[in-house]
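Close look at the chain arrangement
Here are the chains, one letter per residue:
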Amino acid sequence: MFPSSIGGTLCLHPYASKPMKLPRILFLTLTLPVLGHAAAPLTAPASAPAEIAPQSPASLTLGDVLARTAELNPELLALGFGRDASDGRVAQAGMGPNPNLSLSVENFGGTRLARGSDVMELTVQASQLIERGDKAGRRVAFAERERDVTQASLALRRSDILAASANAFAKALAESTRLAFADEQLKLTQETFASASRRLQAAIASPSEVARARAALASAQAEFARAQSASSLALASLAASWGGSALEISEIKGALRLPATPPALARFESALKVSGNPRLGLVSAMVAGQRAALELESARGVADVTLGAGVRRLNEGPATAFVVGASIPLTFRDDNSGNIRAARAMLRAAEQSLRAAELEQRAALVAAHAELGAAHAQATALRRDALPAAEEACVSVQSAYDKGALAFIDVLDARRGLIALRRELLDAELAYALALVRAETLAGSSFTETKALFERP
């Protein structure tokens, strides 16, 4: 079946042929299998993957993660069997109808002159349906287009899964950085609490200052525990991309280092023209499938011919005679015009769906690039202007506090401001990375820019 758009389906009529009418001279017909064509036993697919051994802990880059996901993701492995199924349908579509062998016995078991077997007639006849209108070729073409749809669906799902894996890598790296921030903050609050305790013993600080330092230490410990949990969860989500566990990851290699300027929109558009968007590829395959379906329905409107020949044994005589016959259905009532009209309408709907999908994907690419530019501008401004000023202010406040010129609350405020600014910068860099993944997914590229983003020195 071929969807008319990304979210809907267009139904086709099955391949089932119309029942063939037997000649009226046959009272008893026995259908026998053709000799030499035994049914093949059901066996497991030859390409079934072996049981995957657990991976040992490793240090992974984004390229390593994408390679593992493409090779080991359970959903992609399952979808891979669809290609074998499609090949089987193509092979089946090219097979013609089987010949029929019939046996009939007439004029026996009657009354008077027809009693006994003296007037019995025995007829053995073979018949063959002759397909017209190139039905076999068009069935094969339709099955091949269905195979193309299966391949395009696999490519689209593979692109989505790899994009999700790249996003999981970026989020895991960001959570690892947040954990480092929380660890740094915890160490600073521990040092501050120790310093405040010493100042209290020297009668330089007040008990309220020590209480504030203790509260800040407890808050930092809670934040560190939360960051640890979030980092562990992000690693587990990343490992789930290939069906593994977080124990397989010893380290994530990479850093969110933004380039001086974001990639231009023209670069993504050129990649889209070369490789093509996976979703557009799927809809294009569906359009080709609907076109093949229309040709198949047109061929089904051509009547087939059935030819038969056999031998008749006459006991009265006795004598032997040959029997020859031919039949063709009269299509003045059913010429398949309704199915042809329906297939033509579904083809037009699929073509309109392709145009709509092209507009939608290009608009999504422009939006992703705009978000990419906004995140880059925000991160650049924070790193170039805001962060150095906050770090300088924090150093100045700490120095003034050590000299007794400022209260401890001023030190806490300065540190909280610096940490909040670092997290804001990290959020902007993460937003840039996610927008870059989305833009490259829409352009149908192989995440070249995203890999360079995390591997940039």
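Quick caveat, the model's predicted, so the values are computed rather than measured. (Residues numbered from 1 in each chain as written. Predicted model: local features only at pLDDT ≥ 70, side-chain atom pairs only at ≥ 80, totals over all residues. Heavy atoms only, no water.)

A look at the sheet that holds strand 5 (residues 305-314)
Put simply, the rule is: Two strands make a pair as long as DSSP finds a minimum of two bridges between them. The numbering of helices and of strands both runs from the N terminus, where a helix is a DSSP run of H or I of at least 4 residues and a strand a run of E of at least 2. Angular values range over 0 to 180 degrees, each being the angle between N-to-C directions of two axes fitted as lines to C-alpha atoms, with helices fitted over their stretch in contact.
Spatially, four strands are ordered 2-3-5-6 in an open sheet, and the strand pairing comes out antiparallel. The sheet is open, and its two edges are formed by strand 2 (100-106) and strand 6 (319-327), each paired on a single side. Strand-to-strand twist of the sheet, defined as the mean angle between neighbouring strand axes without regard to direction, takes the value 20 degrees. Across seven bridges, the pairing between strand 2 and strand 3 (residues 121-130) is antiparallel. Opposite Ser104, over in strand 3, you have Thr123 as the bridge partner.

Considerations on the packing of aromatic side chains
The line we're drawing: To pair, rings of Phe, Tyr and Trp, with the six-membered ring standing in for Trp, must have centres within 6.5 Å; the planes then decide the type, stacked if under 30 degrees apart, edge-to-face if over 60, and tilted in the middle. By definition here, charges over rings are those cases where NZ of Lys or CZ of Arg is within 6 Å of the ring centre and within 35 degrees of the ring normal.
Under the definition given, this model contains one aromatic pair. We note Arg68 situated over the ring of Trp242; from NZ or CZ to the ring centre the distance is 5.3 Å.

Considerations on the packing of helix 5 (residues 265-275) against helix 8 (residues 408-443)
To be explicit about the condition: It only takes one pair of heavy atoms within 4.5 Å for two residues to be counted as in contact. Residues are grouped as follows: Ala, Val, Leu, Ile, Met, Phe, Trp, Tyr, Cys and Pro are nonpolar; Asp, Glu, Lys and Arg are charged; every other residue, Gly included, is polar.
The contact between helix 5 and helix 8 brings their axes to 8 Å, and the two run at 35 degrees. Residue-level inspection shows Phe268, Ala271, Leu272 and Ser275 of helix 5 in contact with helix 8, the latter providing Leu436, Ala439, Glu440, Leu442 and Ala443. Its residues assigned to classes, the contact of helix 5 with helix 8 shows seven nonpolar, one polar and one charged.

Remarks on the layout of surface pockets
Over the atoms rolls a probe the size of a water molecule, and in doing so it shows where empty space is left. Cut-off, in case you're wondering: Think of a 1 Å grid over the protein atoms and nothing else: a 1.4 Å probe that fits but is trapped marks a cavity, an open set flanked by protein within 12 Å on at least five of seven lines marks a pocket, and residues with an atom within 4 Å of a point count as lining. Grid points are joined across faces, edges and corners, and a volume is the space filled by probe spheres set on the points.
Here the second largest pocket is characterised by a volume of approximately 390 Å³. If you trace the second largest pocket, you find 18 residues lining it, with Leu256, Arg257, Arg383, Leu425 and Glu429 closest to the centre. The set of elements that each furnish at least two residues to the lining of the second largest pocket consists of helix 3 (135-201), helix 7 (337-402) and helix 8. Ranked by residue count, the leading element in the lining of the second largest pocket is helix 7, at five residues. In terms of residue class, the lining of the second largest pocket is built from eleven nonpolar, three polar and four charged.

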